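Descriptive analysis of the structure
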Amino acid sequence: MLWKAHQLLRKFSTTATAYQRKLKLALIGQSIFGQEVYRHLQKEGHRVVGVFTIPDVNGKADPLALEAEKDGTPVFKFPRWRVKGKPIREVVEAYKSVGADLNVLPFCTQFIPMDVIDSPKHGSIIYHPSILPRHRGASAINWTLIQGDKKAGFTIFWADDGLDTGPILLQRECDVGRNDTVDDLYNHFLFPEGIKAMVEAVQLIADGKAPRIPQPEEGATYEGIQKKENAEISWDKPAEALHNWIRGHDKVPGAWTVIDGQMVTFYGSSLLDGPVPPGQPLAIKSTTKPGLITKNGLVLFGNDGKMLLVRNLQFEDGKMIPASKYFSSDEMSVIELTEEEKKMAEDIKSIWKGILSNVAVIEDSTDFFKSGASSMHVVRMIEEIKQKYGGLQLQNEDVYMATKFADFIQMAVRKLRGKDEEEELVIDYVSKNVNNMTVKMPYQCFINGQFMDAEEGKTYDTINPTDGSIIAKVSYASVADVDKAVAAAKDAFENGEWARMNARERGRLMYRLADLMEEHQEELATIEAIDSGAVYTLALKTHVGMSVQTFRYFAGWCDKIQGSTIPISQARPNHNLTFTKKEPIGVCAIVIPWNYPLMMLAWKSAACLAAGNTLVLKPAQVTPLTALKFAELSAKAGFPKGVINILPGSGGLVGQHMSEHPDIRKLGFTGSTLIGKQIMKSCAVSNLKKVSLELGGKSPLIIFEDCELDKAVRMGMGAVYFNKGENCIAAGRLFVEESIHDEFVRRVVEEIKKMKIGDPLDRATDHGPQNHKAHLEKLLEYCEIGVKEGATLVYGGRQVCRPGFFMEPTVFTDVEDHMYLAKEESFGPVMVISKFKNGDVDGVLKRANNTEYGLASGVFTRDLSKALYVSENLEAGTVFINTYNKTDVAAPFGGFKQSGFGKDLGEEALHEYLRTKAVTVEY
C-alpha cells in the first residue's frame, strides 16, 4: 500500500511540473556566470533556442558557448550587433530566426539593439550586480566597495532604452564585511544567488507573475569603468576610505601610488586594529606619514590616524611581490623537486595546456595571463588543481603572484611542503643536556608565528623543582603583548589562510601536529619533568601521551561538525526551510594551570582549533616551557601565522587583560575557584564573553566494606598520590566504612613506605617534587592546620630532607566534617580519611555531597546496585565506579557547582568553542 501511494504521489508531482509554463529563451552574454544560468534554465525545463555570445579569444571559446555547443544548442558568435549606432541586418535576422519568447542577459558586454531587446513576446531581462538605482553603469561591484556601501546586491530588471534604468523584476541584497573584496562578494553571494535569481525571474515571467517596478530616481548614481589613470590614491582621507578605494579597485584596474619614482599598485587591503606594529618606514609620494613594511605587509595610515594593511604590491613591469618583501633584495633559492613533485608539475602543466589551448608548448617562461588567460581561468585552474591535489591550498592571488609556469610550480611546491624557505622560523633556544639528550627549549613569547621578546623586555626565572635551579629566563609578557597577540589572532581568523581553509585541511594540520608531538615525546616529557616535577614515565604516558591522543581525536572531528534541519510551521502558500549552522566563535583566550602544563593545553586548544577558532594561550607562570615548545611544533606543522599565540607571564596581568579584551569572544580557564569567579566577572563586564571554567574540587571517594580491598587500596592511593597529588580530580576526601577502616589505613601506610621519592627523571621514581616552592609551603601549612584541629597524622606531613621541593606522601585519619581538611582542597599528596558507620549509605552520601565542589567522585563496592545508586546521587561531573583517574579523550570532563561549568574532551567540548546560527529561507 505504501509503495502504491508513493507511485501515485510521483505521478501527481510529475503532472504538476508538466503544467508549469516553460519558455523558449535566447541567452545573450558570456562567462562562467552565463554558463551556469544556461545550465540551470535547461535543468528547470526551459528551452534555450539560441545562445548569442562573443567570438573565440585566442582560439578559446567562451564557457557559455562551450556548454551550449555540447548540448547541440545553436550558438552565434557575433563580434558586434550594430555599426555606427545602427543594427546589422544580418545579425538581427539571425537572432529573430530562433523565435525566442524571452531574452535573458546574465552578463553581456556588447551593445544590443532595441530591435532585439523588444523583439520577443516577453522582452528582455538583465542581471546587474548592484541594488539599482544605485551604481548604474559598469564596474558596479567595484563602486559598491569604493563608496563604502554597507549593503551589496543585484537587480534583475526589464531592459529599456536607458542605461540600467528599466523596471525592476526582483532584487537581493547582502551585508558588506569590513574587509570583503570584489571576489568575496561575487563568489559568496552575487554569483551563486544571482544564478538562482535568474532562474526564478524566468519562471515568474512564464507564470505571468513577474512585477515591473519603476526605478526611483532618488538615490540613483551612475559610474563608468574605472581606468588606471583615474585609480591613483588620494591620501588625505580616513583609513577606511583608503581601504575602500584600494579594495574597490582590486584586481582591475588596481589602485596605485608612486614609490621611489615608479608606479606601484596595491592589492589585498584590510583594516588593521591594535597598536602600530614594528616595521621599516617606506616613503610614499604625497603621504604625510610614511608607510611601514612589516612582517605582514605594508601598513598605511589615514588622516584619522587609523591603519590599514596592504599585502601585495605590483610594479610597472608587472612583477608582483608580497608587500612584506619590499626591502628584500635576495631572490628565493630554487627548490629541487622530488620525483613526486615532478609528477605534480607535469599534472599542472597539463591543466595549463587545457586552459591555454592556443599555446603549442607550456614552457618554464610561459606567462599565464600573457598567453590569453583571464580571471575566470584563474578559478578554473585552481579548482582543477584542488581536484588532483586536495592538500595544496591555493588562492586566486597566488596565481597573480606567480604568473610564469616555473614560478608557479616553485610557489606550489613551497605551499605543499608547508614552508617558505625564505621565512624559516627563527628560534632562540635554551639548551640543556639532560635525560641522555639535548633538550632545546624556546623561551620567548610566540606571537603571529614568530618568537619574540616581550614588549617591555622583561623576563623571569622558571625553576626546576627537583633542585631549585634556574632552567631559563622566560619572557614576561605585558598588556601590549596581549594586544599584539589578539590582533594577530583576529586577523588570522578574519582575513588569513586559516579563515579560508576547509575543515578537512584543518584536520590534516592537527594530525600533523599530533605526529610532531609524538616524534618529540621524549623531549616534551623531559621538559615536563624538569619544569613541573612530573615523574618522567608518567609525563611520557599521560602528560604527553594523552595530549597526542587529544589532538588526534579532535582532528577527526574537524569535518564532522554539522548543523541540522528543523521543521517549522509554514504560512501557506509559502514554504520555509530552517537549518542551523555551527560556526567558530572567533578569537579565544585559554588560561591553563601548572599541574599538567601540556595536557591542559591540549584539552582546550585542540577543541578550540578543531572548531575553526584562533587562540591566545597563557600557560601557568611557573610552567611555561612545554607550551612554548608546542608553539614551535605548531609552526613546523604548518599552522598559519596568528592562529596560535602563546604568552608566558603573570595571571594577574596577562590573564586579567585577556578576560577584559573586547576582541576576545571566548575564554576557557582551568584553575582555582577564586580566580575563576574573578575571570567570569571580567568577561561579563567587558563584552559578555562566552566562558568555560574547570575549577577547584574536593572529590569524595567512598569505599564500602564489600569492595575488593586490594584494588581499593591500590586505586585509592592513585586517586590521591597520582602526579604528586597535583591532580584536579584527586580524591580530596576518602570515606571508608568502619569495619574495614583500620585495615585499609594499615595497608595504605605499608604501601607508602615502598614508594621511592626522588629525581623525576629516574625511571624507578614513584613520587617527584611538588611543582614550586610556594605550593610546598602551602601544603606544609595545610598539614599543620590538620594537626591543630585534632585530625590524626598517621604518616608524613613533612618536607623531605633533600634539595628541591619534595614532600612526604601524607595520611590523616579521624577527620571530622567541620574540619579544614574536610572542606578545603590540598592539591597535594595528602590523603584525608573519614570513617562512616557500617551500612549507612544515605548518611555517607549526604556527607560526600556536603561541599560546594562537584568535579569528580568515586565508589568501590562489589554490589552493582549500590554502586549505581551512589553514582546517581553523587553531585559531581564525573563518577568512577571501582576505578579512578580513568579519563579518556572521548568522554566529557567538567564539574558541577563551584567546580565550574562547561566541558573539556569529547564531542561536548566542541560546543564550548562553537556558536549556533539559525537560518530560515522562504521559497
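What you are looking at is a predicted structure, and each value in this text was computed from that prediction instead of being measured.

If you tally the helices and strands in the chain, you get 28 helices and 40 strands. Principal-axis analysis of the C-alpha atoms places the extent of the chain at approximately 110 × 80 × 55 Å. Residues counted as buried form 54% of the 923 residues belonging to the chain. Sequence separation of 24 or more characterises 70% of the internal contacts of the chain that already satisfy a separation of 6 or more. About 40,500 Å² of surface is accessible on the chain, with carbon and sulfur atoms providing 51% of the total. Computed over 109 positive and 119 negative side-chain charges, the inter-centroid distance for the chain is 4 Å.

In a regular helix each residue adds 1.5 Å, so 12 residues correspond to 16 Å; helix α16 (residues 521-532) covers 16 Å between its end C-alpha atoms and thus fits that length. Counting buried positions along α16 gives 10 out of 12 residues, so the element sits mostly inside the fold. By the burial criterion, the buried members of α16 are Glu523, Leu524, Ala525, Thr526, Ile527, Glu528, Ala529, Ile530, Asp531 and Ser532. Positive phi appears at glycine 533, one or two residues downstream of α16, with a value of about 85 degrees.

Another point: the pattern of salt bridges. Applying the stated criterion across every chain, the model contains 50 salt bridges. A salt bridge links glutamate 217 to arginine 136, with the nearest nitrogen and oxygen atoms 3.1 Å apart. Placement of glutamate 217 in the loop between α7 (182-206) and α8 (239-248) and of arginine 136 in the loop between β7 (124-128) and α6 (140-146) is noted, with a sequence separation of 81 residues between them. Taking relative accessible area as the criterion, glutamate 217 reaches 56% and is therefore assigned exposed. With its nearest N and O atoms 3.0 Å apart, the salt bridge here joins aspartate 491 to arginine 311.

Our focus in this paragraph is the side chain of arginine 136. What makes arginine 136 buried here is its relative accessible area of 8%. Among the polar contacts listed, one links the side chain of arginine 136 to the backbone oxygen of aspartate 164, at a separation of 3.4 Å. Setting aside anything within four residues of it in sequence, one finds arginine 136 in contact with His128, Leu163, Asp164, Thr165, Gln215, Pro216, Glu217, Ala220, Thr221, Tyr222 and Glu223.

Looking now at empty space enclosed by the protein. Considering all chains together, one arrives at 4 cavities of 30 Å³ or more under this definition. Lining the largest cavity are Arg178, Asn179, Leu271, Leu272, Asp273, Ala487, Lys490, Asp491, Glu494 and Asn495. If you tally residues by element for the lining of the largest cavity, the top one is helix α13 (residues 479-494), at 4 residues. For the lining of the largest cavity, the per-class residue count stands at 3 nonpolar, 2 polar and 5 charged.

What follows deals with the packing of α16 against helix α19 (residues 625-637). Across the interface, α16 lies against α19 with an axial gap of 9 Å and an inter-helix angle of 155 degrees. On the basis of the axis angle, α16 is roughly antiparallel to α19. Where α16 approaches α19, its residues Glu523, Leu524, Ile527, Glu528 and Asp531 are matched on the opposing element by Leu625, Thr626, Lys629 and Leu633.

Its place among the elements puts histidine 767 in the loop between α23 (738-752) and α24 (773-788). With a relative accessible area of 1%, histidine 767 lands in the buried category. Sequence-distant contacts of histidine 767, that is, excluding residues within four places in its chain, are made with Val535, Lys724, Met755, Lys756, Ile757, Gly758, Phe806, Met807, Pro809 and Pro829.

Turning next to the nonpolar core. Core analysis: the largest hydrophobic core is formed by 103 residues, its most contacted members being Met510, Phe551, Phe639, Ile703, Leu734, Phe744 and Met831. With 11 residues, the top contributor of residues to this core is helix α18 (residues 597-610). Apart from the residues within four sequence positions on either side, phenylalanine 551 is in contact with Met510, Leu513, Ala514, Met517, Ala602, Ser605, Ala606, Leu609 and Phe630. Membership of the second largest hydrophobic core comes to 38 residues, among which are Ala68, Ile156, Val176 and Val199.

Let's shift gears to the layout of surface pockets. If you add up the space inside the second largest pocket, you get close to 1,000 Å³. Around the second largest pocket, the lining is made up of 39 residues, and of these Trp594, Phe669, Gly671, Ser672 and Ile675 lie nearest the centre. Contributions of two or more residues to the lining of the second largest pocket are made by α20 (651-660), β28 (666-670), α21 (673-687) and α24. Its residues assigned to classes, the lining of the second largest pocket comprises 17 nonpolar, 17 polar and 5 charged.

Turning next to the confidence of the model for the chain. In the predicted model, the chain carries a mean pLDDT of 91, and the fraction of residues at 70 or more is 96%. Note on residues 1-19: pLDDT under 50 across the span, and 0 contacts to partners over four residues away in sequence or across chains.

Across a sheet, paired strands are connected by hydrogen bonds in the backbone, their directions being either parallel or antiparallel. Taken together, the 7 strands give an open sheet; going across it, the order is β32-β33-β34-β31-β30-β36-β37, and neighbouring strands pair in mixed fashion. Only two strands of the sheet have a single neighbouring strand rather than two, namely β32 (792-795) and β37 (878-881). Averaged over all pairs of adjacent strands, the angle between strand axes in this sheet comes to 20 degrees, irrespective of strand direction. With 4 bridges joining them, strand β31 (residues 731-737) and strand β34 (residues 830-836) adopt parallel strand pairing.

Right, let's talk about the packing of aromatic side chains for a bit. Tallied over the entire structure, the rule returns 29 aromatic pairs. Between phenylalanine 551 and phenylalanine 630, the aromatic rings sit 5.6 Å apart at their centres with planes inclined by 40 degrees, giving tilted as the arrangement. One end of the pair, phenylalanine 551, is in helix α17 (residues 536-557); the other, phenylalanine 630, is in helix α19, and 79 residues separate them in sequence. Each member of the pair, phenylalanine 551 as well as phenylalanine 630, is classed as buried. One residue, lysine 289, lies across the ring of phenylalanine 301, its end atom 3.9 Å from the ring centre.

When two helices pack together, you describe them by how their axes are tilted relative to each other and by the distance separating the axes. The contact between α18 and α19 brings their axes to 8 Å, and the two run at 50 degrees. Judged on the interaxial angle alone, α19 and α18 are oblique. The two elements α18 and α19 cross, and the hand of that crossing is right-handed. Note on element contacts: α19 touches α18 through Thr626, Ala627 and Phe630, opposite Pro597, Leu598, Leu601 and Ser605. Grouping the constituent residues of the contact of α18 with α19 by class yields 5 nonpolar, 2 polar and no charged.

Before going further, it helps to examine the environment of isoleucine 205. For isoleucine 205, the position within the fold is in helix α7. For the pair isoleucine 205 and isoleucine 195, spaced 10 residues apart in the sequence, the C-alpha separation amounts to 16 Å. For isoleucine 205, the residues in contact, after removing those within four places along its chain, are Leu23, Leu102, His122, Ile125, Trp158, Leu169 and Ala210.

Here 7 strands make up an open sheet; going across it, the order is β3-β2-β1-β6-β7-β8-β9 and the pairing mixed. Sheet topology places β3 (75-77) and β9 (168-175) at the edges, where each strand pairs with a single neighbour. Averaged over neighbouring strand pairs, the angle between their axes works out to 15 degrees when direction is ignored. Where strand β2 (residues 47-53) lies against β3, 3 bridges are found, and the strand directions are parallel.

Here the focus is the state of the cysteines. Each disulfide is one covalent bond, formed between the sulfur atoms of two cysteines. For the structure on display, the rule yields 0 disulfides. Left unpaired, cysteine 558 is separated from the closest cysteine sulfur, that of cysteine 608, by 11 Å. You can call cysteine 558 buried: its relative accessible area is 3%. Of all cysteine sulfurs, the one in cysteine 608 lies closest to cysteine 728, which takes part in no disulfide; the gap is 19 Å. The exposure class of cysteine 728 is buried, given its relative accessible area of 9%.

Here we come to helix α3 (residues 63-71). For α3, the complete set of buried residues consists of Pro63, Leu64, Ala65, Glu67 and Ala68. At the N-terminal boundary of α3, the capping side chain belongs to aspartate 62, with an oxygen 2.9 Å from the backbone nitrogen of leucine 64. Positive backbone phi, approximately 85 degrees, marks glycine 72, located one or two places after α3.

Moving on: the pairing of strand β14 (residues 297-301). A large share of β14 lies buried, amounting to 5 of its 5 residues. Joining the antiparallel neighbours strand β13 (residues 291-294) and β14 is a turn of 2 residues. Alignment of β14 against strand β15 (residues 307-314), held across 4 bridges, turns out to be antiparallel. Residue pairing in the sheet places phenylalanine 301 in a bridge with methionine 307 of β15. Connecting β14 to the next strand, β15, in antiparallel fashion are 5 residues, including glycine 305 with a positive phi near 85 degrees.

Calculation rules
Residues numbered from 1 in each chain as written. Predicted model: local features only at pLDDT ≥ 70, side-chain atom pairs only at ≥ 80, totals over all residues. Heavy atoms only, no water. Helix = DSSP H or I, 4+ residues; strand = E, 2+ residues; numbered from the N terminus. Buried < 20%, exposed > 50% of the residue type's maximum accessible area, 1.4 Å probe, protein only. Contact = heavy atoms within 4.5 Å. Areas by Shrake-Rupley, 256 points an atom, 1.4 Å probe, with all protein chains shown as cover. Lys, Arg positive; Asp, Glu negative; His and termini not counted. Charge placed at Lys NZ, Arg CZ, Asp CG, Glu CD. Expected span 1.5 Å × (residues − 1). Salt bridge = Lys/Arg side-chain N within 4 Å of Asp/Glu carboxyl O. Polar contact = N/O pair within 3.5 Å; in protein donor to acceptor, adjacent residues only side chain to side chain. 1 Å grid on protein atoms, 1.4 Å probe; cavity = no way out; pocket = protein on both sides within 12 Å on 5 of 7 lines; lining within 4 Å. Points joined across faces, edges and corners; volume = space filled by probe spheres on them. Nonpolar A, V, L, I, M, F, W, Y, C, P; charged D, E, K, R; others polar. Axes fitted to C-alpha atoms, helices over the stretch in contact; angles between N-to-C directions. Parallel < 35°, antiparallel > 145°, perpendicular 65-115°, else oblique. Core = buried A, V, L, I, M, F, W, Y, C linked by side-chain atoms within 4.5 Å. pLDDT = per-residue confidence, 0-100. Pairing = 2+ DSSP bridges. Phe/Tyr/Trp six-rings, centres within 6.5 Å; stacked < 30°, edge-to-face > 60°. Lys NZ or Arg CZ within 6 Å of the ring centre and 35° of its normal. Left-handed = near helix turned anticlockwise from the far one by under 90°. Disulfide = S-S within 2.5 Å.

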